[in-house]
Amino acid sequence: MSLATPAVLERAAALPVDSLPAYLYDLTALRVHAAAIRAALPDRVEFHYAAKANPDPALLTALRECVDGYEVSSGGELAHLRTAVPGAPLAFGGPGKTDEELTTALEAGVHRWHVESVAELHRLAARRPRGGLDVLLRVNLPVTGDALAGVPLAMGGRPTPFGLDPADLDECLRLLATEPFAGLRLRGFHAHLASGLDAPALLALAERITDWAVARAAAAGSPIDEVNLGGGMAVDYTDPAARFDWTGYGGGLARLLGRHPGLRLRIEPGRAVTAYSGWYVTEVLEVKRSHGEAFAVVRGGTHHLRTPAARGHDQPFTVLPVADWPHPWPRGEVAGERVSLCGQLCTPKDALARRVPVDRLRTGDRVVFGLAGAYAWNISHTGFLMHRQPTFHLVP
Ligand SMILES: *Cc1c(COP(=O)(O)O)cnc(C)c1O
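The rules behind the values
- Residues numbered from 1 in each chain as written.
- Predicted model: local features only at pLDDT ≥ 70, side-chain atom pairs only at ≥ 80, totals over all residues.
- Heavy atoms only, no water.
- Near = heavy atom within 4 Å.
- Polar contact = N/O pair within 3.5 Å; in protein donor to acceptor, adjacent residues only side chain to side chain.
- Areas by Shrake-Rupley, 256 points an atom, 1.4 Å probe, with all protein chains shown as cover.
- Nonpolar A, V, L, I, M, F, W, Y, C, P; charged D, E, K, R; others polar.
- Domains from an automatic or database assignment.
- Contact = heavy atoms within 4.5 Å.
- Buried area = accessible area lost by both parts, 1.4 Å probe.
- Salt bridge = Lys/Arg side-chain N within 4 Å of Asp/Glu carboxyl O.
- Pairing = 2+ DSSP bridges.
- Helix = DSSP H or I, 4+ residues; strand = E, 2+ residues; numbered from the N terminus.
- Axes fitted to C-alpha atoms, helices over the stretch in contact; angles between N-to-C directions.
- Parallel < 35°, antiparallel > 145°, perpendicular 65-115°, else oblique.
- Left-handed = near helix turned anticlockwise from the far one by under 90°.
- Buried < 20%, exposed > 50% of the residue type's maximum accessible area, 1.4 Å probe, protein only.
- Expected span 1.5 Å × (residues − 1).
- Arc of directions from axis to C-beta.
- Core = buried A, V, L, I, M, F, W, Y, C linked by side-chain atoms within 4.5 Å.

(A) Here's a closer look at the site of the ligand. By nearness alone, 14 residues border the ligand, and K52, S195, G232, E268 and Y375 come closest of all. Within the contact set of the ligand, an oxygen atom lies 2.4 Å away from a side-chain nitrogen or oxygen of S195. Between E268 and the ligand, the recorded distance is 2.7 Å, taken from a side-chain N or O atom to a nitrogen atom. Within the complex, 92% of the 390 Å² of free accessible area of the ligand lies under protein. Grouping the constituent residues of the shell around the ligand by class yields 3 nonpolar, 6 polar and 5 charged.

(B) Geometry of the domain arrangement of the chain. Considered domain by domain, the chain is made up of domain 1 (6-23 + 276-395) and domain 2 (89-269). For domain 1 versus domain 2, the separation of C-alpha centres amounts to 38 Å. Of the residues lining the interface, 9 residues belong to domain 1; the matching set on domain 2 comes to 8 residues. Of the roughly 710 Å² buried between domain 1 and domain 2, counting both surfaces, carbon and sulfur atoms make up 65%. On the domain 1 side of the contact with domain 2, Y276, R311 and L371 bury the most area, a combined 72% of that side's loss. Summed over the shared surface of domain 1 and domain 2, the number is 0 salt bridges. At the boundary of domain 1 with domain 2, the tally comes to 0 residue pairs in polar contact (both at pLDDT 80 or more).

(C) View of the sheet that holds strand β3 (residues 69-72). Overall, parallel pairing links the 8 strands, which are arranged β2-β3-β4-β5-β6-β8-β10-β11 in a closed barrel. Across the sheet, the mean angle separating the axes of adjacent strands is 30 degrees when strand polarity is ignored. As judged from the 3 bridges shared by strand β5 (residues 112-115) and strand β6 (residues 133-138), these two strands associate in the parallel manner. Bridge assignment links W113 to a residue of β6, and that residue is V135. In the packing of helix α5 (residues 99-108) onto the sheet, the strands contacted are β4 (90-92), β5 and β6, and the crossing angle to β5 comes to about 155 degrees.

(D) Geometry of the packing of helix α6 (residues 118-126) against helix α7 (residues 169-176). One way to put it is that α6 packs onto α7 with a least axis distance of 10 Å and a crossing angle of 15 degrees. Compared by their axis directions, α6 and α7 come out roughly parallel. Relative to α7, α6 is oriented so that their crossing is right-handed. For the pair α6 and α7, contact is made by V118, L121 and H122 and by E171, C172, L175 and L176, respectively.

(E) Inspection of the environment of A309 at higher detail. Along the chain, A309 turns up in helix α11 (residues 307-311). Separated by 216 residues in the primary sequence, A309 and G93 have C-alpha atoms spaced 27 Å apart.

(F) Examining unusual backbone geometry more closely. Across the junction of L20 and P21, the peptide omega takes the value -5 degrees, indicating a cis bond. When you line up the elements, P21 lands in the loop between α1 (6-14) and β1 (22-26). In this structure, H291 is a non-glycine residue whose phi angle is positive, near 50 degrees. Position of H291 among the secondary structure elements: in the loop between β12 (278-290) and β13 (293-298). In this model, L371 sits at a positive phi of 50 degrees, which is unusual for a non-glycine residue. Structurally, L371 is set in the loop between β17 (366-369) and β18 (391-395). The buried category is assigned to L371, whose relative accessible area is 3%.

(G) Looking closely at helix α9 (residues 246-259). Over its 14 residues, α9 runs 20 Å from end to end, which matches the ideal 20 Å to within 8%, given 1.5 Å per residue. Regarding α9, the residues found buried are W246, Y249, G250, G252, L253, L256 and L257. The buried residues of α9 all sit within an arc of 160 degrees when viewed along its axis, so they share a single face. Of the exposed residues in α9, those oriented more than 90 degrees away from the buried face are T247, R255 and G258. On the buried face of α9, the contacting elements are α2 (27-40), β2 (45-50), α8 (199-220), β11 (264-267) and α10 (271-274).

(H) Geometry of the nonpolar core. One finds Y70, W113, L137, Y249 and L253 to be the most contacted residues of the largest nonpolar core, which totals 110 residues. Top element by residues in this core is α8. It accounts for 9 residues. Each of domain 1 (6-23 + 276-395) and domain 2 (89-269) gives at least three residues to this core. In this structure, A12, W279, V281 and L320 belong to the second largest nonpolar core, which totals 14 residues.

(I) Molecular detail of helix α4 (residues 75-84). Taken residue by residue, α4 has G75, E77, L78, L81 and A84 as its buried positions. A distance of 3.3 Å separates the backbone nitrogen of G76 from a side-chain oxygen at the start of α4, and that oxygen is part of S74.

Below you can see the structure in the form of structure tokens.
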């Protein structure tokens, strides 16, 4: 099965050589996927998109009809989204908020504020927010057992700089009940604990978070009406056709809500929303052998598509053969063997895929890397070696 849709392959083949490397975003595929996520979720679950996964304005706009809002984690993202998706509800988080960010976010008016420390609560209250600010306390929950064992990225359940230690919660709840904090309205708790979990694992975590949050709030006499479960839905880079089981997850959340009438849940996935709608298209510049192994050097590399370097995986790809070879010298080629696809950077870390089998790959062939719609271009060290930046194209 090919990794890309016919529309994407056609566009990838038609791009002029001098526009390579290029990012292609399929907006129809994104809308269809996001609408399916929304449809799988119960009414009392709100769906926010975590903008840091890919803040491209075209993607943010395409998602507007399918999401209830967006999660932003910096003043830069906040300003960007206010322009890209004006009027959309924004939840504002982040572990290290500057004074400037506090001021501008308060002026901008955010839908929810995710507080990550006792000091941040003091700094917010000192600014005397008018009209009442809806806050969620982000907690690094004491998740016991092996709930987070082996996950690719863990933000909680162990010592991390994210959120409040459970020991600091009593102080926050006590402060929120006092007069100087009257401008802050406690809506509930927020817990984004890990990234890369499948639906059963994430559901088990959702139950623990929700049951804990409701019990903790009741014990403190501070009723809550919301729990934000975070994001972290897995994308399987070894199986590009696989999808997170949104139907199973939505069904599980519906059962959980059945136990907590009056509660609203929110999720804020990033990767599992946009990863499938982006492709990085490039061409093979060199095919060579070194000490018995085959290498294909492609135009561009991990300074444009950092995902495989950041996660240590092989980025899945499709080869688009190019028949034309106008030169009198022999064309570089590997066939029926393993090859490493590397970029143009002068470092052995610039590998997009290592020792992967190919039917045939030749100099001048195009390569279409998939699952490049999240944590790809926007996490890349784009200035390294001063190569030209990719071009961007939308498949409507
Ligand atoms: C990064 C992040 C997300 C999104 O995580 P994904 O793994 O992309 O789904 C959600 N919430 C917070 C607080 C985050 O930092």
